[in-house]
Amino acid sequence: MGTLRLFSFSFLLLGLSTVFCQEEETIPWSADRKLTWEDFKGKPLKTEWAAATTASGISYEFSTSGTLNNLKVNFKVHTDFYPQKSWYRPEMCDSVVLSHEQLHFDISELFARKMRRRLNETSFTRNVKAEVRKIYRETLKSLTAFQNKYDHQTNFSRNIEQQLIWNKKISEALSATELQPLK
């Protein structure tokens, strides 16, 4: 059984305004809450080969305070799942496919943590808005490439051996990457 990963996060998550994200139903990433098929509320695409699509991604908000010589940047980076943009075909899906889709969401969280770390480690200048946006765009580019690699190597969940390898790889990466506190 195969899945298709729709990269809708590239246009959904501009990350510049939380108001936009609050208008649409979202499920924030949590280690304690796994996706269920009931979370996939979107209408399936009219294709015969796609079993499911997970729309997830990263958004951010930030503010600054202080002076140019002592600039303090406060930020929040979020990982969300978009139920109305995510869908599945019950006749083509099973627990393996759901696990594959969950891992797409987990991978988004892993890259949100990488972005938080980069933001924490960056010394910003007066061009903070452009610098944060650049980090965000670089993170999304890396995330997209990583998601594509995941789908390719697992053959959209059909290669069970590779799927299990990726499950372990992402689980270990999330365990090793603690949530970064705000600066």
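All of these numbers come straight from a predicted model, not from anything done at the bench.

**Q** Help me understand the packing of aromatic side chains in this model?
**A** For any pair of aromatic rings, the description consists of the separation of the ring centres together with the inter-plane angle of the planes. Scanning all chains against the criterion turns up ten aromatic pairs. Where Tyr-150 meets Trp-166, the ring centres are 5.1 Å apart and the plane angle is 50°; that geometry is what we call tilted. With a gap of 16 residues between them, Tyr-150 in helix 4 (residues 128-154) and Trp-166 in helix 5 (residues 160-176) connect regions that are remote in the sequence. In this structure Tyr-150 comes out as buried when scored by relative accessible area, which is 0%.

**Q** Any chance you could explain the pattern of salt bridges here in plain terms?
**A** Any two side chains of opposite charge can pair, on the condition that their charged atoms come close. Per the stated rule, a full pass over the model turns up seven salt bridges. Between Arg-33 and Asp-39 there is a salt bridge, and its shortest N-O distance comes to 2.8 Å. Classification of Asp-39 as buried rests on a relative accessible area of 7%. With a shortest N-O distance of 2.7 Å, Glu-138 and Arg-118 are connected by a salt bridge. Here the residue Glu-138 occupies a position in helix 4, and Arg-118 occupies one in helix 3 (residues 95-121), the gap between them amounting to 20 residues. When its relative accessible area of 28% is taken as the criterion, Glu-138 is described as partly exposed. Ionic contacts of the salt-bridge type, sharing partners, join the residues Glu-109, Arg-113 and Arg-116 into one network.

**Q** Where do I start with the pairing of strand 4 (residues 70-81) in this structure?
**A** Working note: regular strand, side chains alternate between the two faces of the sheet. Taken together, the two bridges between strand 1 (residues 27-28) and strand 4 define a ladder with antiparallel strand orientation. Paired with Ile-27 across the two strands is Phe-81, which belongs to strand 4. Alignment of strand 3 (residues 56-67) against strand 4, held across twelve bridges, turns out to be antiparallel. Looking at the pairing, Ser-65 lines up with Lys-72 of strand 4. A loop of two residues connects strand 3 with strand 4, the two strands running antiparallel in sequence.

**Q** Explain the confidence of the model for the protein chain to me, please; I cannot follow it from the model alone.
**A** Parts of the model with low pLDDT should not have their predicted coordinates read in detail. Of all residues in the protein chain, 85% have pLDDT values of 70 or greater, and the mean over the chain is 86. Of all secondary-structure elements in the protein chain, the lowest mean pLDDT belongs to helix 1 (residues 9-12), at 28, while strand 1 reaches the highest, 98. Low pLDDT, under 50, characterises residues 1-21; the stretch is placed with 70 contacts to residues that sit more than four places away or in other chains.

**Q** How should I be thinking about helix 3 in this particular structure?
**A** Count 3.6 residues to each turn of an α-helix, and residues three or four apart come out pointing the same way. Helix length check: helix 3 (27 residues) gives 39 Å between terminal C-alpha atoms against 39 Å at 1.5 Å per residue, within 8%. The buried fraction of helix 3 is high, at 20 of 27 residues. Taking the backbone nitrogen of Val-96 as reference, a side-chain oxygen 3.0 Å away marks Asp-94 as the first, capping residue of helix 3.

**Q** How should I be thinking about the nonpolar core in this particular structure?
**A** The nonpolar side chains of a soluble globular protein tend to be buried with one another. Residues Ile-58, Val-77, Ile-107, Met-115, Leu-119 and Ile-170 are the most contacted members of the largest nonpolar core, which totals 36 residues. Looking at this core, the elements that each hand over two or more residues are strand 3, strand 4, helix 3, helix 4 and helix 5.

Definitions and cut-offs
Residues numbered from 1 in each chain as written. Predicted model: local features only at pLDDT ≥ 70, side-chain atom pairs only at ≥ 80, totals over all residues. Heavy atoms only, no water. Phe/Tyr/Trp six-rings, centres within 6.5 Å; stacked < 30°, edge-to-face > 60°. Helix = DSSP H or I, 4+ residues; strand = E, 2+ residues; numbered from the N terminus. Buried < 20%, exposed > 50% of the residue type's maximum accessible area, 1.4 Å probe, protein only. Salt bridge = Lys/Arg side-chain N within 4 Å of Asp/Glu carboxyl O. Pairing = 2+ DSSP bridges. pLDDT = per-residue confidence, 0-100. Contact = heavy atoms within 4.5 Å. Expected span 1.5 Å × (residues − 1). Polar contact = N/O pair within 3.5 Å; in protein donor to acceptor, adjacent residues only side chain to side chain. Core = buried A, V, L, I, M, F, W, Y, C linked by side-chain atoms within 4.5 Å.

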